Amino acid sequence: MKFVSSLFILVSLVTCFYGQKKVTPKSVKSKNQSVKAQVKINPTNPTVYIDFVKVADDEPFDEGEPRERIYLKLVNNSKWSIYVPVFSYIDESKGNGLYYDVEILNESKPIEREIPRGDKQVGDILKFPSELKSGKSVNFSIPSNRLANNLMIRIDFFYDWVWSSFEDTTDSPYPEIKTSVYFTHSMLEKLKKK
(Lines give C-alpha, C1' and ligand atoms only; values in the text may rest on other atoms or scores of the structure.)
Protein backbone atom coordinates (compact mmCIF):
# COMPACT_ATOMS: atom_id res chain seq x y z
CA MET A 1 0.00 0.00 0.00
CA LYS A 2 2.89 2.37 0.81
CA PHE A 3 4.33 1.66 -2.63
CA VAL A 4 1.03 2.56 -4.35
CA SER A 5 0.68 5.80 -2.34
CA SER A 6 4.32 6.75 -3.04
CA LEU A 7 3.84 6.01 -6.73
CA PHE A 8 0.64 8.10 -6.77
CA ILE A 9 2.41 11.06 -5.12
CA LEU A 10 5.37 10.78 -7.53
CA VAL A 11 3.07 10.64 -10.60
CA SER A 12 1.09 13.63 -9.26
CA LEU A 13 4.25 15.70 -8.76
CA VAL A 14 5.61 14.82 -12.19
CA THR A 15 2.25 15.65 -13.79
CA CYS A 16 2.09 18.98 -11.96
CA PHE A 17 5.66 19.87 -12.90
CA TYR A 18 5.67 18.79 -16.57
CA GLY A 19 1.98 19.30 -17.27
CA GLN A 20 2.08 23.02 -16.61
CA LYS A 21 1.81 25.31 -19.57
CA LYS A 22 4.85 27.52 -20.01
CA VAL A 23 3.76 31.09 -19.47
CA THR A 24 5.95 33.97 -20.55
CA PRO A 25 5.00 37.24 -18.91
CA LYS A 26 3.98 40.01 -21.31
CA SER A 27 6.74 42.21 -19.92
CA VAL A 28 9.39 39.65 -20.99
CA LYS A 29 7.83 39.31 -24.46
CA SER A 30 7.67 43.06 -24.96
CA LYS A 31 11.23 43.48 -23.69
CA ASN A 32 12.50 40.89 -26.24
CA GLN A 33 10.57 42.63 -29.01
CA SER A 34 11.96 46.03 -28.04
CA VAL A 35 15.52 44.65 -28.06
CA LYS A 36 14.92 43.34 -31.62
CA ALA A 37 13.58 46.76 -32.59
CA GLN A 38 16.72 48.39 -31.18
CA VAL A 39 19.05 46.10 -33.15
CA LYS A 40 17.25 45.56 -36.47
CA ILE A 41 15.82 47.99 -38.96
CA ASN A 42 13.27 45.43 -40.16
CA PRO A 43 12.56 43.11 -37.21
CA THR A 44 11.32 40.29 -39.48
CA ASN A 45 14.71 39.86 -41.22
CA PRO A 46 18.10 38.81 -39.81
CA THR A 47 20.55 41.56 -38.85
CA VAL A 48 22.78 40.77 -41.84
CA TYR A 49 21.68 38.48 -44.66
CA ILE A 50 22.19 37.60 -48.32
CA ASP A 51 19.28 38.02 -50.70
CA PHE A 52 18.75 36.73 -54.24
CA VAL A 53 18.64 39.23 -57.13
CA LYS A 54 18.73 37.23 -60.39
CA VAL A 55 20.42 34.55 -62.47
CA ALA A 56 21.94 35.74 -65.75
CA ASP A 57 24.15 34.62 -68.59
CA ASP A 58 27.35 36.68 -68.41
CA GLU A 59 30.98 36.59 -69.43
CA PRO A 60 33.03 34.45 -67.02
CA PHE A 61 35.29 36.49 -64.75
CA ASP A 62 37.93 33.75 -64.61
CA GLU A 63 39.03 30.80 -66.74
CA GLY A 64 36.97 27.66 -66.20
CA GLU A 65 33.96 29.46 -64.72
CA PRO A 66 30.49 28.81 -66.16
CA ARG A 67 28.73 31.59 -68.07
CA GLU A 68 25.76 31.47 -65.70
CA ARG A 69 26.18 33.86 -62.77
CA ILE A 70 24.05 34.27 -59.66
CA TYR A 71 23.51 37.87 -58.61
CA LEU A 72 23.04 38.37 -54.88
CA LYS A 73 23.08 41.23 -52.43
CA LEU A 74 24.49 41.48 -48.94
CA VAL A 75 22.02 43.42 -46.77
CA ASN A 76 22.91 45.21 -43.54
CA ASN A 77 19.65 45.21 -41.57
CA SER A 78 21.38 46.21 -38.32
CA LYS A 79 21.51 49.63 -36.72
CA TRP A 80 25.33 49.63 -37.04
CA SER A 81 27.77 49.77 -39.92
CA ILE A 82 29.52 46.55 -40.87
CA TYR A 83 32.86 46.10 -42.62
CA VAL A 84 33.20 43.57 -45.42
CA PRO A 85 36.53 42.47 -46.95
CA VAL A 86 36.52 43.32 -50.67
CA PHE A 87 38.98 43.03 -53.53
CA SER A 88 39.51 44.65 -56.92
CA TYR A 89 39.56 42.43 -59.95
CA ILE A 90 42.73 42.70 -62.01
CA ASP A 91 40.44 43.65 -64.90
CA GLU A 92 39.15 46.94 -63.46
CA SER A 93 36.03 46.88 -65.67
CA LYS A 94 34.66 44.12 -63.42
CA GLY A 95 34.68 46.43 -60.40
CA ASN A 96 35.08 45.06 -56.89
CA GLY A 97 34.12 41.70 -55.43
CA LEU A 98 33.27 40.44 -51.95
CA TYR A 99 35.49 37.79 -50.44
CA TYR A 100 33.61 34.57 -49.79
CA ASP A 101 34.36 30.91 -49.15
CA VAL A 102 32.57 27.91 -50.64
CA GLU A 103 31.75 25.18 -48.13
CA ILE A 104 30.04 21.80 -48.12
CA LEU A 105 26.64 22.08 -46.49
CA ASN A 106 26.32 18.49 -45.32
CA GLU A 107 29.60 16.63 -44.77
CA SER A 108 27.80 13.27 -44.65
CA LYS A 109 26.73 13.60 -48.30
CA PRO A 110 29.77 12.99 -50.49
CA ILE A 111 30.54 15.50 -53.24
CA GLU A 112 31.50 13.76 -56.48
CA ARG A 113 33.14 16.82 -57.98
CA GLU A 114 35.82 19.27 -57.06
CA ILE A 115 34.56 21.98 -54.72
CA PRO A 116 34.94 25.34 -56.49
CA ARG A 117 37.07 27.87 -54.69
CA GLY A 118 35.64 31.06 -53.31
CA ASP A 119 36.96 34.43 -54.37
CA LYS A 120 38.92 34.58 -51.11
CA GLN A 121 41.60 32.41 -52.71
CA VAL A 122 41.87 34.13 -56.09
CA GLY A 123 44.92 36.25 -55.29
CA ASP A 124 43.58 39.51 -56.62
CA ILE A 125 44.45 42.82 -55.02
CA LEU A 126 43.33 42.97 -51.37
CA LYS A 127 41.51 46.02 -50.12
CA PHE A 128 40.74 46.78 -46.52
CA PRO A 129 37.19 46.05 -45.50
CA SER A 130 34.68 48.38 -47.04
CA GLU A 131 32.03 49.97 -44.83
CA LEU A 132 28.43 48.95 -45.46
CA LYS A 133 26.30 51.45 -43.60
CA SER A 134 23.18 50.63 -41.63
CA GLY A 135 20.21 49.87 -43.89
CA LYS A 136 22.35 49.60 -47.05
CA SER A 137 23.12 46.67 -49.32
CA VAL A 138 25.78 45.77 -51.86
CA ASN A 139 25.23 43.66 -54.97
CA PHE A 140 27.72 41.02 -56.08
CA SER A 141 27.76 38.01 -58.35
CA ILE A 142 29.21 34.52 -58.22
CA PRO A 143 29.55 31.73 -60.77
CA SER A 144 26.58 29.34 -60.57
CA ASN A 145 28.80 26.37 -59.67
CA ARG A 146 29.57 28.02 -56.30
CA LEU A 147 26.01 27.25 -55.19
CA ALA A 148 25.59 23.79 -56.69
CA ASN A 149 23.65 21.16 -54.73
CA ASN A 150 25.04 20.67 -51.17
CA LEU A 151 27.24 23.79 -51.36
CA MET A 152 26.98 27.16 -49.65
CA ILE A 153 28.90 30.40 -49.56
CA ARG A 154 30.12 32.14 -46.41
CA ILE A 155 30.91 35.85 -46.16
CA ASP A 156 32.77 37.07 -43.10
CA PHE A 157 32.19 40.59 -41.82
CA PHE A 158 32.95 42.76 -38.81
CA TYR A 159 30.52 44.88 -36.85
CA ASP A 160 31.53 48.52 -36.45
CA TRP A 161 32.53 48.15 -32.78
CA VAL A 162 34.88 45.24 -33.61
CA TRP A 163 36.54 46.97 -36.57
CA SER A 164 36.91 50.34 -34.83
CA SER A 165 38.55 48.76 -31.76
CA PHE A 166 40.93 46.61 -33.86
CA GLU A 167 44.56 47.61 -33.67
CA ASP A 168 46.82 46.20 -36.32
CA THR A 169 49.30 44.70 -33.86
CA THR A 170 49.35 41.22 -35.36
CA ASP A 171 50.36 39.81 -38.72
CA SER A 172 46.68 39.46 -39.61
CA PRO A 173 45.02 42.30 -41.54
CA TYR A 174 41.71 41.53 -39.81
CA PRO A 175 40.44 41.17 -36.23
CA GLU A 176 40.06 37.64 -34.90
CA ILE A 177 36.45 38.30 -33.91
CA LYS A 178 34.31 38.01 -37.01
CA THR A 179 30.74 37.20 -37.86
CA SER A 180 29.64 35.17 -40.84
CA VAL A 181 26.58 35.06 -43.03
CA TYR A 182 25.70 32.04 -45.18
CA PHE A 183 23.73 31.45 -48.36
CA THR A 184 22.92 27.89 -49.41
CA HIS A 185 21.81 26.11 -52.57
CA SER A 186 18.39 25.41 -51.02
CA MET A 187 17.95 29.09 -50.10
CA LEU A 188 18.71 29.97 -53.72
CA GLU A 189 16.16 27.48 -55.03
CA LYS A 190 13.46 28.76 -52.67
CA LEU A 191 14.07 32.43 -53.54
CA LYS A 192 14.21 31.73 -57.30
CA LYS A 193 10.61 30.43 -57.10
CA LYS A 194 9.25 33.68 -55.64
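Remember, predicted model here, so these are calculated numbers, not experimental data.

### Quick notes on the overall build of the chain
From N to C terminus, the chain includes 4 helices and 11 strands. Per-residue burial for the chain yields a buried fraction of 34% across its 194 residues. The long-range share in the chain, meaning contacts at least 24 apart out of those at least 6 apart in sequence, stands at 71%. If you sum the accessible surface of the chain, you get close to 13,000 Å²; carbon and sulfur atoms cover 55% of it.

### Description of the confidence of the model for the chain
Summary statistics for the chain give a mean pLDDT of 74 and a share of 57% for residues scoring 70 or more. For the chain, per-element mean pLDDT is lowest for helix 1 (residues 2-19), which scores 46, and highest for strand 1 (residues 48-57), which scores 94. Low pLDDT (under 50) marks residues 7-25, which in the prediction has 3 contacts with non-local residues, meaning those over four places away or in another chain. This stretch, residues 121-125, has a pLDDT under 50; its non-local contacts, to residues over four places away or in other chains, come to 10 contacts.

### Digging into the pairing of strand 2 (residues 68-76)
With 7 of its 9 residues buried, strand 2 lies for the most part within the structure. In this structure, strand 1 lies alongside strand 2, joined through 9 bridges in antiparallel fashion. Pairing of Phe52 across the sheet is with Leu72, part of strand 2. In this structure, strand 2 lies alongside strand 9 (residues 137-143), joined through 7 bridges in antiparallel fashion. Note on strand 9: the bridge partner recorded for Tyr71 is Ser141.

### Some thoughts on the side chain of Lys40
The residue Lys40 is located in the loop between helix 2 (26-39) and strand 1 in this model. Although Lys40 is buried, it makes no salt bridge; Asp51 carries the closest opposite charge, 15 Å away.

### As for the sheet that holds strand 2
Strand order in this open sheet of 3 strands is 1-2-9, and the pairing throughout is antiparallel. Of all the strands in the sheet, the pair left with one neighbour each is strand 1 and strand 9. Across the sheet, the axes of successive neighbouring strands diverge by a mean angle of 25 degrees, strand direction being ignored. Sheet strands in contact with helix 4 (residues 185-192) are strand 1 and strand 2, and its direction is about 65 degrees off that of strand 1.

### Comments concerning the packing of aromatic side chains
This model, assessed by the stated rule, comprises 2 aromatic pairs. Ring geometry for Phe157 against Tyr159: centres 5.3 Å apart, planes inclined by 75 degrees, an arrangement best described as edge-to-face. Residue Tyr159 is classed as buried on the basis of its relative accessible area, which comes to 12%. One aromatic cluster in this structure is built from Trp80, Phe157 and Tyr159. Above the face of the Tyr71 ring, Lys54 is positioned so that its terminal group lies 5.0 Å from the ring centre.

About the thresholds
Residues numbered from 1 in each chain as written. Predicted model: local features only at pLDDT ≥ 70, side-chain atom pairs only at ≥ 80, totals over all residues. Heavy atoms only, no water. Helix = DSSP H or I, 4+ residues; strand = E, 2+ residues; numbered from the N terminus. Buried < 20%, exposed > 50% of the residue type's maximum accessible area, 1.4 Å probe, protein only. Contact = heavy atoms within 4.5 Å. Areas by Shrake-Rupley, 256 points an atom, 1.4 Å probe, with all protein chains shown as cover. pLDDT = per-residue confidence, 0-100. Pairing = 2+ DSSP bridges. Lys, Arg positive; Asp, Glu negative; His and termini not counted. Salt bridge = Lys/Arg side-chain N within 4 Å of Asp/Glu carboxyl O. Axes fitted to C-alpha atoms, helices over the stretch in contact; angles between N-to-C directions. Phe/Tyr/Trp six-rings, centres within 6.5 Å; stacked < 30°, edge-to-face > 60°. Lys NZ or Arg CZ within 6 Å of the ring centre and 35° of its normal.

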